[in-house]
Amino acid sequence: MAFTIIQRGSLALVLAIIYQTGAKGIENKTVTFDFYGHPVSISYDTTLNTIRYESAVEQFIKRFDEEVINPHHVPLIKEVQKTATYFGLDDVGKTLLITAFTEKAFAHRPQNYRTLVKWYILYHDSMDVMLCYDAKNITLYGSMDAKPYGTGYIMKGGKIYTDLSFARTPYPTAGKVFEYKPKTPRNFTLQDFKLNKHAYPKLNALTQKKAHAFEFAGKKFSYTYTLNKSLILYLKDLPIVELGSIYVNYGFSEALKNTLIKELRSTIDSMGKREALGFLLKFVQEIPYKTDEEAWGYERYAYSEEVLYNDFADCEDKVVLYAALVKEMLGVQSVALVYENDEHVAIALKLPEETANYSFMYKNNRYVTAEPSGEGFELGKLGMDVKTVSLVVELY
């Protein structure tokens, strides 16, 4: 069976290796690697690293599938599960953990070998994965509960299977691949890869100091704050999904809440609600503008803490940051206003109390527009006509 595919990629992390000898003559190897600043150790049976590689892809897959069936590999899967639980990782985060493990433990092996180890772990962890191949490469796909954006995927049986390398590509290209059917079918219920859309994982080993200064109502304001760099590096490796509430619901790390958010809250405590909204809008507007094409070479959406780390943002990233700030500090919900023809995104705030100075009605509620990307735009002002909005995206 043939499918449409998009470019693949990989994640690499490094550190030291320790050897152990297990019971009953089983030789184990414990690999210690860096996981976003946290040292992680995972042990595995060395027979997993002894399968003879061959360049004929289909034959190698069959050989691997036949030889890897070994009950001594079960502890590896349990260790991965335990580590994922410790860090509060969702299924996508667990996939990044497995990638980091395979990149270290099998660094001397070809990428196809590492992909098969990754498949073996996820396959026997009840995840809904597809193992696909062409003449040269093996690619692993998983059924996700969020639609990917800018990442390779396959449609099968009405479900979307995302390339689990989470590789980004600005100009996707199609091709033919074939699905491998495992020799031993699974007799358990398959699980979709779920993204935790409301909470960050427990990654906090690395921090980064930043500063931001701007002027509002004739006064100068300056803030120095601490970001969770471990979290930011993790977020950059996540698959890009469609713009939506996940980018706002994640909110901010404890490091940022204890510094910037605390200081901003102290500043706006003496302001009225509309003035506070305008103050936070100016805070976001003063972040330098840069397109994703200039910054990354492809379109991507950034989470709020990423924006503050990057020191630059395009229109949708500024919308995400502003939406997260007003939700965290003022409890205000918002929607993104997408102008598809103009490749622009603005925002509107749900303010039911604004009986006179509101911009439009949406689902029987009053909304006030804002333009986080443009300098000099006050609350309620836009650079474009709200009547030409092509899509409204709820950010709550």
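Within every chain, residues take consecutive numbers counted from 1 along the sequence as written. Local features in a predicted model are, by the rule used here, given only for residues with pLDDT of at least 70; side-chain atom pairs are given and counted only at 80 or more, and totals for whole chains, interfaces and linings are based on all residues. Calculation of side-chain values draws on the structure's entire complement of heavy atoms; hydrogens and water are dropped beforehand.

Undergrad: Describe the overall build of the chain, and please don't skip the residues or the numbers.
TA: The helix count covers DSSP runs of H or I at least four residues long, the strand count covers runs of E at least two residues long, and both are numbered beginning at the N terminus. Each helix and strand in the chain was counted, giving 11 helices and 16 strands. Every radius of gyration here is taken over C-alpha atoms, with the globule rule written as 2.2 Å times N^0.38, N being the number of residues. Taking 396 residues into account, the globule formula puts the C-alpha radius of gyration at 21 Å, and the chain, at 24 Å, falls close to it. Once the C-alpha set of the chain is aligned to its principal axes, its extents read approximately 75 × 40 × 35 Å. The contacts of the chain with a sequence gap of at least 6 include a subset with a gap of at least 24, amounting to 66%. Each accessible area value is a Shrake-Rupley result obtained with a 1.4 Å probe; residue values ignore everything except the protein chains displayed when judging cover. A total accessible area of about 17,800 Å² is found for the chain, and carbon and sulfur atoms account for 50% of it. Think of it this way: Lys and Arg go in the positive column, Asp and Glu in the negative one, and His and the chain ends go nowhere. A single reference atom marks each charge: NZ on Lys, CZ on Arg, CG on Asp, CD on Glu. Averaged over its 46 positive side-chain charges, the chain has a centre that lies 5 Å from the centre of its 48 negative ones. Contact between two residues is taken to exist if any of their heavy atoms lie within 4.5 Å; hydrogens are not considered.

Undergrad: A description of the sheet that holds strand S15 (residues 365–370) should follow, citing residues and the corresponding values.
TA: Ordered by their spatial adjacency, five strands build an open sheet running S14-S15-S13-S12-S16, and the pairing between neighbours is antiparallel. Every other strand in the sheet has two partners, leaving strand S14 (360–362) and strand S16 (391–394) as the edge strands with one partner each. For this sheet, the mean angle separating the axes of adjacent strands, direction not counted, is 40°. As defined by bridge partners, strand S12 (residues 334–339) adjoins strand S13 (residues 344–350) across six bridges and the pair is classed as antiparallel. Paired with Val-335 across the bridge in S13 is Ala-348. Note on geometry: axes are C-alpha line fits, over the in-contact stretch for helices, and angles between N-to-C directions span 0 to 180 degrees. Lying over the sheet, helix H11 (residues 315–330) contacts S12, S13 and S15, oriented at roughly 15° with respect to S13. Note on pairing: DSSP must find at least two bridges between two strands before they are called paired.

Undergrad: How would you sum up the packing of helix H3 (residues 91–105) against helix H4 (residues 111–123)? Please name residues and give values.
TA: Remark: H3 packs on H4, axes separated minimally by 10 Å, with the N-to-C direction vectors making an angle of 135°. It follows from the interaxial angle that H3 and H4 lie oblique. In the packing of H3 onto H4, the handedness of the crossing is right-handed. Within the contact between the two elements, H3 uses Thr-95, Ile-98, Thr-99, Phe-101, Thr-102 and Glu-103 and H4 uses Gln-111, Arg-114, Val-117, Lys-118, Ile-121 and Leu-122. Each residue is assigned to one class: nonpolar for Ala, Val, Leu, Ile, Met, Phe, Trp, Tyr, Cys and Pro, charged for Asp, Glu, Lys and Arg, and polar for all the others, Gly among them. For the contact of H3 with H4, the per-class residue count stands at five nonpolar, four polar and three charged. Every angle not falling under 35 degrees, over 145, or within 65 to 115 is termed oblique; those three ranges are roughly parallel, roughly antiparallel and roughly perpendicular. Working rule for handedness: look at the near helix, and if it is turned counterclockwise from the far one by less than a right angle, call the crossing left-handed; if clockwise, right-handed.

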